[in-house]
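# Report on the structure
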Amino acid sequence: MPGLVSCPGGLIVIGILALSCVHANSEILSNEVSDVQFGTLGSTVTLTCRGSHQGSAVVWTHNGSLVRTRQTHPGWDGSLTLTNTTRSMEGNYSCHKPRGGALLQSITLRLGYAPEYLSVSCKLPSHFKMLCTWTQRVRTHLPTKYISSYSVDNSRPEPCEQELMDVNECTISNPVFWGSKHLVNITEVNPLGSKSTIAYVDVNKNLKPDAPEDLICKQVDTEPTQLVVQWKPPASWPSDVSNAFPLKFELQYRPVGSRFWSKVETEDTSMVIMDALMGHLHHIRVRAQDAFINHSQWSEWSQVVQAQPWSDLSTIPETTTDFFEPIFPSTFPVKATEKSLDPSFDENGRQVLIALGLLAAVMVVVVFTITVLLCVRNRRRGNMTKQELTSMVKMKSLLI
């Protein structure tokens, strides 16, 4: 972003040029229409009735109505003082003789603010053109003109070309790229004063090509994962010097519905996408940057185009269309409803459920039977062991 300063050193020549232009244009603005008076909003403004004599009374009207407000104070010299002025006080004022109502003078009052610092922005769509634009930070509500100039490394100021003095843009042809910085001076002038805004512009950092044009995308026959993409460099980037000042491009693409872009860089104006998702519509866009100045700016994105790879519908499985179902969960109830409306599906589902129920019942019976047999067997073994121990105890007692 260009930097703004109020009183930079080394700009005496620019200041003198601006002040001389401001003085000349202030006279133009104030003399364009006779009997027009300008004032600052919120201040005190005094209207003088030409033709009245000191001590003589006059009658003032505002837009045809008699002036009767607490914010007006008629003077002994026939003047009218307005305090705490607001936009509603603008308009046509007239002073008249009290007797007969003869018109002495008519004044159009315009209220606003003096110029303040501007917001200045400069960009270079190519190495041969710098475009500077500006906007008011404070709306003045008054007719305004602009005077623009520039200098390189404190050299002699030169005019920044403007079509009209009241437009908010100017053009510098063939900016000096080997110069460290450009100083762009925009002076705003209105009937209440003038203000100069000086912007430091680094031409390399502000180099920003326009977006690439005529982006198209085509299928590749018999290739279900490929797309051919072509585009043109921006028309503002001269084609006759493209070898000396080449552009590089960033191509981005994604299947429709995906949040993630795949990207690749190239210096060509065409490319073949090799990993497109089979059977899906894709979004494709491209932007440009100077190939040699890496810290220059990327252009805006081109218009997004849509394309789908070649596909043989007879060989694509139906489940392919469900790839992005998690991104769109609202599609699940629709699919469930569609399936439930198919009577053959309901009948087959019932049969499957019955078969699964019978199988589960059989398995439960088998498991239960095996468990009972194991319990009986273990109990018999326990009884036999007890009987053997009893017999051994008896035989031992007999021996003793």
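Scoring rules and cut-offs
Residues numbered from 1 in each chain as written. Predicted model: local features only at pLDDT ≥ 70, side-chain atom pairs only at ≥ 80, totals over all residues. Heavy atoms only, no water. UniProt positions renumbered as here; feature names shortened; annotations may be inferred. Helix = DSSP H or I, 4+ residues; strand = E, 2+ residues; numbered from the N terminus. Buried < 20%, exposed > 50% of the residue type's maximum accessible area, 1.4 Å probe, protein only. Contact = heavy atoms within 4.5 Å. Areas by Shrake-Rupley, 256 points an atom, 1.4 Å probe, with all protein chains shown as cover. Pairing = 2+ DSSP bridges. Axes fitted to C-alpha atoms, helices over the stretch in contact; angles between N-to-C directions. Salt bridge = Lys/Arg side-chain N within 4 Å of Asp/Glu carboxyl O. Disulfide = S-S within 2.5 Å. Phe/Tyr/Trp six-rings, centres within 6.5 Å; stacked < 30°, edge-to-face > 60°. Lys NZ or Arg CZ within 6 Å of the ring centre and 35° of its normal.

Per an unreviewed UniProt entry, the protein carries the name Interleukin-11 receptor subunit alpha and comes from Ictalurus punctatus. Under the Sequence similarities (unreviewed entry) heading, UniProt states for the protein: "Belongs to the type I cytokine receptor family. Type 3 subfamily."

## Observations regarding the overall build of the protein
When helices and strands are counted, the protein shows three helices and 23 strands. Burial statistics for the protein: of 400 residues in total, 34% are counted as buried. Summarising the internal contacts of the protein: among those between residues at least 6 apart in sequence, 65% fall at separations of at least 24. Summed over all atoms, the accessible surface of the protein reaches about 24,900 Å², with 57% contributed by carbon and sulfur.

## Thoughts on the sheet that holds strand β9 (residues 103-112)
What the five strands build is an open sheet, ordered β2-β9-β8-β4-β5; its pairing is mixed. Every other strand in the sheet has two partners, leaving β2 (36-40) and β5 (65-66) as the edge strands with one partner each. Here β2 runs beside β9; their pairing, made up of five bridges, is parallel. The residue of β9 that forms the bridge with Gly 39 is Leu 111.

## Here we look at the sheet that holds strand β21 (residues 270-273)
The sheet built from three strands is open, its strands ordered β17-β18-β21 with antiparallel pairing. Across the chains shown, the open sheet's two edge strands, defined by having one partner strand only, are β17 (213-219) and β21. In this sheet, neighbouring strand axes are inclined to one another by 15° on average, regardless of whether the strands run parallel or antiparallel. The sheet contact formed by strand β18 (residues 227-232) and β21 spans four bridges and is antiparallel. Note on β21: the bridge partner recorded for Gln 230 is Ser 270.

## Some points on the pattern of salt bridges
Taken as a whole, this structure holds six salt bridges when the rule is applied. The shortest N-O distance in the salt bridge between Glu 90 and Arg 87 comes to 3.2 Å.

## Focus: the side chain of Ser 126
Of note, Ser 126 is situated in strand β10 (residues 118-126). Judged by its relative accessible area of 4%, Ser 126 is buried. If we skip the residues at most four places from it in the chain, Ser 126 touches Phe 177, Leu 207, Ser 236, Trp 237 and Pro 238.

## Considering the pairing of strand β20 (residues 262-266)
Two elements, strand β19 (residues 247-255) and β20, share five bridges in a ladder whose sense is antiparallel. For Tyr 253, the partnering residue across the bridge sits in β20 and is Ser 262. Counted between consecutive antiparallel strands, the loop separating β19 from β20 contains six residues, among which Gly 257 sits at a positive phi close to 105°.

## Focus on the pairing of strand β11 (residues 129-136)
Pairing of β10 with β11 involves seven bridges; the strand directions are antiparallel. Bridge pairing in β11 places Val 120 opposite Trp 134. The loop that links β10 with its antiparallel partner β11 comprises two residues. Bridge analysis of β11 against strand β14 (residues 169-173) gives five bridges, and the strand direction is antiparallel. Its bridge partner being in β14, Thr 133 is matched across the sheet by Glu 169.

## A look at the state of the cysteines
Here is the idea: a disulfide is a covalent bond, and it sits between the sulfur atoms of two cysteines. Summed over the entire model, instances satisfying the criterion amount to three disulfides. One disulfide in the model links Cys 49 with Cys 95; its S-S distance is 2.0 Å. Its S-S torsion of approximately 80° makes the covalent link between Cys 49 and Cys 95 right-handed. Taken together, the positions of Cys 49 in the loop between β3 (45-47) and β4 (59-62) and Cys 95 in strand β8 (residues 91-96) put the pair 46 residues apart, joining distant regions of the chain. The exposure classification of Cys 49 matches that of Cys 95, with both residues buried. Disulfide pairing places Cys 122 opposite Cys 132 at an S-S distance of 2.1 Å. One quick way to see it: the torsion about the S-S bond of Cys 122 and Cys 132 is about 110°, and its sign makes the bridge right-handed.

## Some details on unusual backbone geometry
With phi around 55°, Asn 63 is a residue other than glycine that occupies positive phi space. Take Asn 63: it is sitting in the loop between β4 and β5. A relative accessible area of 47% means that Asn 63 is categorised as partly exposed. Even without being glycine, Asn 84 reaches a positive phi, approximately 50°. Considering the arrangement of structural elements, one finds Asn 84 in the loop between β7 (80-82) and β8.

## Examining the packing of aromatic side chains
Applying the stated criterion across every chain, the model contains three aromatic pairs. Seen in terms of ring centroids, Trp 231 and Phe 249 are 5.5 Å apart; in terms of plane orientation they differ by 65°. Their pairing is edge-to-face. In this pair, Trp 231 is assigned in strand β18 and Phe 249 in strand β19, connecting sequence segments 18 residues apart. An identical accessibility class is assigned to Trp 231 and Phe 249; each is buried. One residue, Lys 195, lies across the ring of Tyr 117, its end atom 4.8 Å from the ring centre. Its end group placed over the ring of Trp 261, Arg 285 keeps NZ or CZ at 4.2 Å from the ring centre.

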